[in-house]
Structure formats: structure tokens, C-alpha cells
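# Chains, contacts and geometry: an overview
Each chain, written out:
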Amino acid sequence: MVTPEVPGGEAPLGADSEVGRLRTVMLHRPGPELKRLTPRNNDRLLFDGIPWVSRAQDEHDGFAEALRSRGVEVLYLTELLTETFASDLARHHAITTTLNGLHLGDTLRDYLARFLGECSPADLTGYLTAGIRNDEVRGGQGIVTALLPSDDFLIDPLPNLLFTRDSSVWVRDRVAVTSLAMPARRRETQLTELIYTEHPRFAGTRRIHGWHHEHVEGGDVLLLAPGVIAVGVGERTTPAGVERLARQAFHADLAHTVLAVPIAQERATMHLDTVCTMVDVDKIVMYPNVADSLRAHAVTVADRSGEGAHELVLDVAPAEPFLVAAAKAMEIDTLHQIDTGLDPVTAEREQWDDGNNTLALAPRVAVAYERNVETNDRLEDAGIEVVRIAGSELGSGRGGPRCMSCPVSREPLPVD
Ligand SMILES: NC(=[NH2+])NCCC[C@H](N)C(=O)O
């Protein structure tokens with residue numbers, strides 16, 4: 001359950017929908033890690049271009065300002081991380097997990113452990129997020145430094161930290177620290193897990209997943225309604241990942257139905273939130289080119305007499321059209337679809353530019369990239385207020401307002 005608000009205190013942690021009034025959100029302002037992108041490494045680092053960093057920062061500041069001007073508290077991931085590093089234990093943990101890659105060798109690993117161990121919390125955040133290249137180390141010289149190319153990263157930069165929704169997702173009052181599938185992103189959740197474990201703001205928060213578990217990415221997790229979670233299964237979230245998440249959610253009484261939604265294994269549709277996002281309690285903006293083929297298996301608990309989450313007996317229903325299965329689980333007549341774009345070509349262009357990837361600030365109020373003109377018009381025609389933000393540079397990482405934000409606190413939806 002989302003806990004009731006403490007008068008005068010911070011907003012209670014958690015979210016039970018994608019559209020309850022947004023109170024607190026975690027963002028990552030793009031920083032030096034984006035300056036590491038080159039035409040030779042951008043594919044591996046999952047960017048489709050080389051962003052103009054200062055413009056991306058301006059756009060991101062515009063996004064944060066749009067949220068603040070509507071009463072949303074903005075937390076920044078790197079500030080939380082630096083505060084987390086006030087703890088010696090957290091620093092030690094971060095350094096050890098970062099350096100356990102097999103490409104380093106003992107000489108370099110020992111040197112880097114000492115070097116990072118002596119850094120200030122802010123510098124440590126900088127190195128762990130922007131990475132370290134072979135030609136930047138001042139010690140630890142030996143076989144590895146001599147033989148690795150000078151521009152190889154000893155610690156990889158994390159340009160996709162920008163997409164904070166992928167690295168954690170709240171389900172009611174618990175947080176799922178996710179387990180990212182792509183090698184370029186695996187380290188991100190070692191950092192988010194530390195924040196949620198060690199930062200005083202999150203003291204006592206219970207977790208329902210972790211970076212060492214089966215792959216689940218937050219972009220695939222949609223809280224369709226209190227008790228109903230849709231999870232995309234494709235390039236990023238594996239069938240085993242959904243199973244673990246569903247078991248944990250059922251066991252902790254966070255949900256009664258999980259819809260497992262297979263999605264095409266393509267770059268344009270890497271996460272479920274590239275295909276659809278909620279903009280009202282019963283409205284979803286959706287890519288029409290896949291809407292007809294999108295299907296879902298409703299997963300429920302058939303028998304909960306066993307002890308632990310792993311002993312729940314799950315029922316997996318045959319696949320049904322997504323909108324049908326969703327409406328049933330949400331106990332509403334219809335989940336109304338608002339189409340991306342106008343015609344199939346505009347839809348394809350605006351889907352690519354994250355037209356579906358909206359962030360709801362409240363029922364019928366959503367943040368969207370301004371460039372998706374046709375989709376935004378359609379949202380307005382359907383009675384949704386659209387808060388438009390610039391995203392020409394931000395978009396080169398293939399993510400929109402929803403991927404770039406992890407809602408940490410939303411008001412529960414009014415019960416009618
Ligand atoms: N939830 C999302 N759709 N996130 C988009 C993530 C984009 C990022 N460049 C990646 O490939 O992982």
C-alpha cells in the first residue's frame with residue numbers, strides 16, 4: 001500500500017499507478033559521461049548519435065523546470081550517489097563491484113582501488129559515471145596498461161544513466177532495482193541499488209529485485225492500475241525476469257495481475273514504454289502499427305498456500321489482445337487507445353522519436369517531446385493537457401520523458 005502522507009514531511013515513497021499526481025521524481029542531468037561518446041563507440045554505448053552535450057543539458061534543465069513548476073520535487077541521481085558515498089561502506093562496495101571486471105588484472109585493480117578509495121565522494125561519483133580511459137591513469141602501469149589500446153575504457157562511462165526509469169521502478173511502497181540486459185548498462189543498477197540501500201532518504205525501503213537477478217528493465221514495467229502491472233518481454237526483460245518480478249509482487253501483495261506482453265525484438269521497440277504509456281486512468285497513447293498485434297498473458301496466483309514467493313503456484317492465461325486483457329485486469333469497460341501520429345508513416349517517425357513515451361504528471365496531464373506534433377495534437381483532442389519539452393539532443397539516446405524519469409512518489413489514485 002502507498003502510505004498516507006505525513007503532514008509537513010516529505011511525500012511518502014511509492015507509486016501505485018503511472019498517472020497519480022507526481023510528487024517526487026529521480027532524474028539524471030546528463031554530464032561528462034555523454035562527452036565520452038564517439039562515432040566508434042556510440043553503438044556499443046546504445047546511442048544513435050553524438051549529442052551536443054551542453055544543448056542536451058539545457059533541454060534537460062527545461063524538463064526539470066517543467067516538472068518543478070508543477071510542484072514536482074526533482075532529485076538528481078548523482079547528488080544522491082554522492083550523498084550515499086558519505087558512508088565508507090557504500091564507497092567500498094561501489095569500488096569493489098566496479099573493479100571486479102576480468103579485463104583489469106591485479107596491478108591495475110589494486111592501483112585503481114587505492115586511487116578511488118582516496119577520492120572525495122563527488123570525485124568518486126564522477127569517475128564511476130564518466131569512466132576512466134587507459135590513457136588517463138597515472139599509476140598501475142604494467143602488462144594491462146601497456147597492451148590495452150590507449151583509448152579503451154578501464155571503467156566504462158554510463159551515458160544511459162539518463163534513463164532513470166530503466167534502472168529502478170517503484171511498485172507501491174517497494175522499489176525494484178532492476179537488472180539491465182545490455183552489457184553497456186549493467187553497472188548502472190549497482191549504483192541505484194547502493195542509493196536505495198544506503199541513502200538516508202530511502203532508509204528502510206524494501207526491495208523486490210536486484211542487479212544480480214534475472215533481467216528486468218524499468219522501461220518494460222507499466223503500472224496500469226493499482227494491482228495491475230504490465231511487463232514487456234523482449235530484448236531487455238526476459239521471461240524469467242517477469243516470473244521473478246511477478247512472484248515478488250504477488251507475494252508482497254503489490255499486485256493481483258501481471259500482464260506479460262511479448263514485444264518485438266527491435267531497437268525501435270526495445271521497451272514496452274516505447275510502444276505505449278498511460279495518460280489517464282483509462283487512456284493509453286499507443287503505437288498503432290503494433291496495436292493490433294500486441295498481446296498479453298494474464299498471470300495470476302492459482303494457489304498461495306506455499307511459504308515463499310517461489311512456492312506460489314501461478315496461472316498463466318493464453319494470450320489475448322493487450323487492450324482486452326488490460327481492461328479485464330483493470331476492471332474497466334475499455335482502455336481507450338490514443339494513436340501515435342496520423343498515418344502509418346507519421347506514426348513510425350513519431351514512435352521513433354518517443355511520441356508514445358510520455359510522463360504523466362496527473363490524470364490527463366502528460367509531458368511529451370514537442371517534436372511529436374501529430375501525436376501531441378491527438379492527445380489534446382482526447383482531452384490530455386500536453387506539457388511540451390525540447391528534446392532534439394536528448395532524443396539521440398532513444399528515450400523520452402518517461403524513460404528519463406523514475407517516479408519515486410505519486411499520490412494514490414482517488415478511489416471512486
Ligand atoms: N525506457 C526506455 N525506453 N528507455 C530507453 C533507453 C535507451 C537507451 N539508449 C538503451 O538503449 O537502453
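Worth saying up front: this structure is predicted, and the values here are computed from it rather than measured. Residue numbers here run from 1 along each chain, matching the order of that chain's written sequence. Local features in this predicted model are restricted to residues whose pLDDT is 70 or higher, and side-chain atom pairs enter the listing and the counts only when it is 80 or higher, whereas totals over whole chains, interfaces and linings include all residues. Side-chain numbers here rest on the full set of heavy atoms in the structure, without hydrogens or water.

Moving on: the UniProt feature "active site" (unreviewed entry) in the protein chain. Here, the residues flagged by UniProt with the feature "active site" (unreviewed entry) are C403. Here a strand is any run of E in DSSP of at least two residues, a helix any run of H or I of at least four, and the numbering for each starts at the N terminus. Tracing the backbone shows C403 in the loop between β19 (385-389) and β20 (406-410). With residues near it in sequence (within four places) discarded, C403 still touches L162, F163, T164, R165, D166, D273 and N357. UniProt positions are given in the numbering used here, feature names are shortened, and annotations may be inferred rather than shown by experiment. Only heavy atoms matter for contacts: two residues are in contact if any of them lie within 4.5 Å across the pair.

Turning to the site of the ligand, a few remarks are in order. Any residue with a non-hydrogen atom lying within 4 Å of a molecule or strand is treated as near it. Residues in close proximity to the ligand total 15 residues, the closest being L46, N160, D166, D273 and G397. A distance of 2.9 Å separates an oxygen atom of the ligand from a polar side-chain atom of R236. Between the ligand and the protein, one listed contact pairs a nitrogen atom with a side-chain N or O atom of H271 at 3.0 Å. Surface accessibility in these figures is a Shrake-Rupley result with a 1.4 Å probe; residues are shielded only by whichever protein chains are displayed. Isolated, the ligand exposes 350 Å² of accessible area, and the fraction of that covered by the protein chains is 100%. We call two N or O atoms a polar contact when they sit within 3.5 Å, provided that within protein one can donate a hydrogen and the other can accept it, with sequence-adjacent residues counted only if both atoms are side-chain atoms.

Here the limits of each domain have been adopted from an automatic or database domain assignment. What the domain assignment reports for the protein chain is domain 1 (22-79 + 159-410) and domain 2 (80-155). Just the C-alpha atoms count here: the centres of domain 1 and domain 2 sit 30 Å apart. Contact residues are listed per partner, giving 22 residues for domain 1 and 24 residues for domain 2. The contact between domain 1 and domain 2 buries some 1900 Å² in all, and 60% of this surface belongs to carbon and sulfur atoms. One speaks of a salt bridge when a side-chain nitrogen belonging to Lys or Arg is within 4 Å of a carboxyl oxygen belonging to Asp or Glu. For the pair domain 1 and domain 2, the number of links is 2 salt bridges. Residue E136 is joined to R36 by a salt bridge in which the shortest nitrogen-to-oxygen separation is 2.9 Å. We define buried area as the total accessible area lost by two parts upon association, computed with a 1.4 Å probe and summed across both.

The two faces of a sheet get side chains in turn, since along a regular strand they alternate between them. A pair of strands is treated as paired once DSSP finds two or more bridges between them. Bridging between strand β18 (residues 365-369) and β19 involves 5 bridges; their strand directions are parallel. Residue pairing for β19: Y369 is matched across the bridge by I389. Handedness of the crossover joining β18 and β19 through helix α13 (residues 373-381) is recorded here as right-handed. A clockwise path from the first strand over the helix to the second, with the strands pointing away from the viewer, defines a right-handed crossover.

Two side chains bearing opposite charge may form a pair once their charged atoms approach each other closely. All told, the structure shown has 33 salt bridges when counted by the stated rule. Across the salt bridge formed by R23 and E411, the nearest N and O atoms sit 3.4 Å from each other. Of the two residues, R23 sits in strand β1 (residues 22-27) while E411 sits in the segment after β20, which places them 388 residues apart along the sequence. Here the residues in one salt-bridge network are E18, R165, D273 and R402, joined through shared partners.

Taken in spatial order, the 3 strands line up as β5-β6-β7 in an open sheet, and their pairing is mixed. With partners counted over all chains shown, the strands left at the sheet margins are β5 (168-171) and β7 (206-209), one partner each. Strand-to-strand twist of the sheet, defined as the mean angle between neighbouring strand axes without regard to direction, takes the value 35 degrees. Relative to strand β6 (residues 174-177), β5 is paired through 4 bridges, and the arrangement is antiparallel. Bridged to V169 within β6 is A176. Every axis in this analysis is a line fitted to C-alpha atoms, fitted for helices over the stretch in contact. Angles between the N-to-C directions lie between 0 and 180 degrees.

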